[in-house]
Amino acid sequence: MPKPPRIAIAGAGLMGRAHAAAFQACGAEVVAVVDRDRDRARALAATCGAAARTTVEEALREEPDALSICLPHSLHFDAAMAAAAQGVALLIEKPHCTSLAESRALRGACDRHGVLAMAGFTHRFLATSRRLKASLAAGDLGTVDLVVDRLVANALGDHAPAWYRDRALAGGGIAMIGMIHAIDRLQWLLDSPVTDVLARTRPPAASGAVEDTALAILCFANGAQAALVAHRSPVPGHERAHRYEVLGRRLNASVSIGSFDRQELEFVGPGAPARLEVTDDQPFVTEVREFLAALAEGRPAQPDLAQAELALAVVLALYEAERTRRPVNLREFLAAAPGTPP
Ligand SMILES: NC(=O)c1ccc[n+]([C@@H]2O[C@H](COP(=O)([O-])OP(=O)(O)OC[C@H]3O[C@@H](n4cnc5c(N)ncnc54)[C@H](O)[C@@H]3O)[C@@H](O)[C@H]2O)c1
C-alpha cells in the first residue's frame, strides 16, 4: 500500500483547522502545524499527532510532500516560495498572492522546481457550483447574458480576525477576501475570462482603509456581463451569504450559498430541472481530494495558479478602476503589470 502523503499546515486558524480535517478525512498524514501563536499550533497539532512549529522553515524540516497555506494573505508568498524551492507541493488559500509581481514570481518558481500548486477557490467544489457547471457546459441555460452576484458578510460574526481589516496583511477589503471567490467562480462557470472592469468601493482605496463595500461590473470575453456587490455589514447577526443568478436565454439559475453546508440551486424556465437543496456538502474534502489525486498522479490540479492570477488581477483591476474612476481593460492591465508571466 502506498504511504499516505505527508502534509504541513501553515496557519492554525479557521482555514488551517478546516484543511487539517479535510486532509485527515482523505487519509493524508498531517506531520506539522505552523502558527506564530505557539498555543494555536499546539492545539491543532495535538488533534492530528503532528509537530507544532512557529515558522514555515521549521515545518519544512519535517519533509512534507505538501504545504497547505492558510495564513494572512501577504504571508502566502514567502511561505510558498520557501516550499517550492524544496520541491514541496502547494495548496494555497485564496488570494494566493496580493500582487501580480509576486504571483508571476511564484508561478515561475513552481515551474522551475516542477511543483504542483493549487489555489483554494472552494466555491468550485460546492455541490451547487458543480451541478450548475454541468448544466452550463451542456448548454441547458442557452447563451448567458447576465450574472447578478452578491455577498453580504457580517463584520462582527464569530470569525473575523483583526488582520481582515489590515491592508498590509490582507491586501484589500471585502473584494480581496470575499468577492474574489465570486470572480473565480464566474470565470470558471462561464469558461470565459473577464475582459473589462468598472468599479466603486467604499471607503475608496485612496483612503488607506480597506473597503467594506465593493461594486463591480465585469465584462467577459464571451459577451456575458456581471454585476457584483460585496458588503461587510456592521449589523450583528447578519448571516454571511453569497447569492447569485445566472440569466440565460433558455433557463435562469438562482443559487444561494448562505453557508457551505446549506446551499440551494433553482432553475427557472420551461422544462427546468428540479431544485437542488444541499445540507451535507463537504467542499474542503472535495477540494483536498482533487489536490491529493493530482499529487499522486503527477498531474496539474485546478484551479491552478494561472487561474488564481486571473482572479487576483480582476480584484486589482477593480481597485485601479476605483482609483482612476475609469474602466480597466484586463489585457492592458496585465501587460502593464510588473513581473514576467512564466
Ligand atoms: N476558502 C474559504 O472558504 C476561506 C474562508 C475563510 C478564509 N479563507 C482564507 O484562508 C486564509 C486564512 O484565513 P483564516 O480566516 O483562517 O485566518 P485566521 O486568522 O483564522 O488564521 C490565520 C492564522 O495564521 C496565524 N499567523 C499569522 N501570522 C503568522 C505568521 N507570521 N506565521 C505563522 N502563523 C501566522 C495566526 O495566528 C492565525 O492562527 C486566508 O487566505 C483567507 O482568505 C478561505
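Because the structure is a prediction, the values reported are computed rather than measured.

Undergrad: Help me understand the packing of aromatic side chains in this model?
TA: Each aromatic ring pair is summarised here by two numbers: the centre-to-centre distance and the angle between the ring planes. Summed over all chains, the structure comprises three aromatic pairs. Both rings, one in W163 and one in Y164, keep their centres 4.8 Å apart while their planes meet at 75°; by these two values the pair is edge-to-face. Ring plane angle 45° and centroid distance 6.0 Å describe the contact between F260 and F284, whose orientation is recorded as tilted. With F260 in the loop between β12 (252-259) and β13 (262-268) and F284 in helix α9 (residues 283-297), the pair connects residues that are 24 residues apart, well separated along the chain.

Undergrad: How should I be thinking about unusual backbone geometry in this particular structure?
TA: Negative phi is the rule for most residues except glycine; trans is the rule for most peptide bonds. Cis rather than trans, the peptide bond between R202 and P203 has omega equal to -10°. Note on placement: P203 falls in the loop between β8 (194-202) and β9 (213-220). With an omega of 0°, the peptide bond between Q302 and P303 qualifies as cis. Tracing the backbone through its elements, the reader meets P303 in the loop between α9 and α10 (305-324).

Undergrad: I'm lost on the sheet that holds strand β14 (residues 276-278) in this one. Help?
TA: Backbone hydrogen bonds hold the strands of a sheet together, and the pairing may be parallel or antiparallel. With mixed pairing, nine strands are arranged side by side in an open sheet as β14-β13-β12-β11-β7-β10-β9-β8-β15. Among the strands making up the open sheet, the edge pair consists of β14 and β15 (328-329). The strands that helix α8 (residues 174-190) touches are β7 (144-154), β8, β9, β10 (225-233), β11 (241-248) and β12; relative to β10, the one it contacts most, it runs at about 155°. On top of the sheet, α10 reaches β8, β9 and β15; it is set at about 55° to β8, its chief contact.

Undergrad: I would appreciate a short explanation of α9 in the present structure.
TA: Spanning 15 residues, α9 covers 21 Å between terminal C-alpha atoms, matching the ideal 21 Å at 1.5 Å per step. For α9, every residue scored as buried is listed here: P283, F284, V285, T286, E287, V288, F291, L292 and A294. Among the structural elements, β1 (6-10), α1 (14-25), β4 (66-69), β5 (89-93), β6 (117-120) and α6 (127-137) are those in contact with the buried residues of α9. Phi turns positive one or two residues past the end of α9, at G298, with a value near 65°.

Undergrad: Just to check I follow, could you spell out the pattern of salt bridges for this structure?
TA: Pairing is possible between side chains that carry opposite charge, provided their charged atoms lie close to one another. For the structure on display, the rule yields 15 salt bridges. R185 serves as the salt-bridge partner of D149, at 2.9 Å between the closest nitrogen and oxygen. In this pair, D149 sits in strand β7 while R185 sits in helix α8, placing the two residues 36 residues apart along the sequence. Here the two residues D149 and R185 agree in accessibility, since each one is buried. Residue E322 is joined to R325 by a salt bridge in which the shortest nitrogen-to-oxygen separation is 3.4 Å. For E322, a relative accessible area of 3% gives the class buried. A cluster of three or more residues bridged by salt bridges with shared partners is formed by E264, E266, R275 and E277.

Undergrad: Sorry, what's going on with the packing of α8 against α10 here?
TA: To characterise two packed helices, one gives the angle between the axes of the helices and the distance between these axes. Relative to each other, α8 and α10 sit at 125°, their axes nearing to 9 Å. Taken together, the axes of α8 and α10 are oblique relative to one another. Crossing geometry of α8 relative to α10 is assigned as right-handed. Facing A175, M176, M179, I180, I183, D184 and Q187 of α8, the residues of α10 in contact are Q307, L310, A311, L312, V314, V315, L316, L318 and Y319. Considered class by class, the residues forming the contact of α8 with α10 number 13 nonpolar, two polar and one charged.

Undergrad: How should I be thinking about the domain arrangement of the chain in this particular structure?
TA: Size of an interface, as often reported, equals the accessible area lost when the parts are brought together. According to the domain assignment, the chain contains domain 1 (6-122 + 287-303) and domain 2 (123-281 + 313-336). With centres defined by C-alpha atoms, the gap from domain 1 to domain 2 works out at 25 Å. The interface of domain 1 with domain 2 comprises 19 residues on the first partner and 20 residues on the second. Between domain 1 and domain 2, roughly 1,700 Å² of surface is buried when both sides are summed, and carbon and sulfur atoms account for 68% of that area.

Thresholds applied
Residues numbered from 1 in each chain as written. Predicted model: local features only at pLDDT ≥ 70, side-chain atom pairs only at ≥ 80, totals over all residues. Heavy atoms only, no water. Phe/Tyr/Trp six-rings, centres within 6.5 Å; stacked < 30°, edge-to-face > 60°. Helix = DSSP H or I, 4+ residues; strand = E, 2+ residues; numbered from the N terminus. Pairing = 2+ DSSP bridges. Contact = heavy atoms within 4.5 Å. Axes fitted to C-alpha atoms, helices over the stretch in contact; angles between N-to-C directions. Expected span 1.5 Å × (residues − 1). Buried < 20%, exposed > 50% of the residue type's maximum accessible area, 1.4 Å probe, protein only. Salt bridge = Lys/Arg side-chain N within 4 Å of Asp/Glu carboxyl O. Parallel < 35°, antiparallel > 145°, perpendicular 65-115°, else oblique. Left-handed = near helix turned anticlockwise from the far one by under 90°. Nonpolar A, V, L, I, M, F, W, Y, C, P; charged D, E, K, R; others polar. Domains from an automatic or database assignment. Buried area = accessible area lost by both parts, 1.4 Å probe.

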